[in-house]
Amino acid sequence: MSTSYDPLHDPERDGQLIVPPLPMAIDRARRVLDEKARANIHDRDEMIRAAVGLDHVLRDLLAALDKEGQ
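Here the structure is a predicted model, which means the values were calculated and not measured. (Residues numbered from 1 in each chain as written. Predicted model: local features only at pLDDT ≥ 70, side-chain atom pairs only at ≥ 80, totals over all residues. Heavy atoms only, no water.)

Considering the overall build of the protein chain
Part 1 of the argument: Helices and strands together make up the secondary structure of the protein chain, namely 2 helices and 0 strands.
Part 2 of the argument: Against the globule reference of 11 Å for 70 residues, the protein chain gives a C-alpha radius of gyration of 14 Å, more extended than a compact globule.
Part 3 of the argument: Judged by the C-alpha coordinates and their principal axes, the protein chain covers about 40 × 35 × 15 Å.
Part 4 of the argument: Excluding contacts between residues fewer than 6 apart, the proportion of contacts in the protein chain whose partners are at least 24 apart in sequence is 64%. (Helix = DSSP H or I, 4+ residues; strand = E, 2+ residues; numbered from the N terminus. Rg over C-alpha atoms; globule rule 2.2 N^0.38 Å. Contact = heavy atoms within 4.5 Å.)

Observations regarding the environment of His56
Part 1 of the argument: Inspection of the secondary structure assignment puts His56 in helix α2 (residues 44-69).
Part 2 of the argument: On the accessibility criterion, His56 (42% relative accessible area) is partly exposed.
Part 3 of the argument: With 23 residues separating them in the primary sequence, His56 and Leu33 have C-alpha atoms 11 Å apart. (Buried < 20%, exposed > 50% of the residue type's maximum accessible area, 1.4 Å probe, protein only.)

A word on the packing of helix α1 (residues 22-37) against α2
Part 1 of the argument: Two elements in contact, α1 and α2, have axes separated by 9 Å at closest approach and are oriented at 160°. On the basis of their axis angle, the class for α1 and α2 is roughly antiparallel. The hand of the α1/α2 crossing is left-handed. Facing α1, whose interface residues are Leu22, Ala25, Ile26, Arg28, Ala29, Val32, Leu33 and Lys36, α2 presents Arg49, Ala50, Gly53, Leu54, Val57, Asp60, Leu61, Ala64, Leu65 and Glu68.
Part 2 of the argument: Taken together, the residues that form the contact of α1 with α2 break down as 12 nonpolar, 1 polar and 5 charged. (Axes fitted to C-alpha atoms, helices over the stretch in contact; angles between N-to-C directions. Parallel < 35°, antiparallel > 145°, perpendicular 65-115°, else oblique. Left-handed = near helix turned anticlockwise from the far one by under 90°. Nonpolar A, V, L, I, M, F, W, Y, C, P; charged D, E, K, R; others polar.)

These figures come from the coordinates and say nothing about function on their own.
As structure tokens, then:
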């Protein structure tokens, strides 16, 4: 299916290269969440950066949890 936009995440383009250890993924997720909480909700660019940053740390966190559970 063709879209007129680039999705935030494309599994074919954005495959998981390195899965961080779980404690590192949790620490990074907390830091990025704190950082992005201060973003200006009325600033489109800040909201895009926040969405992308949070997407990355959430994917890392889930990958680390999946690896830990194996």
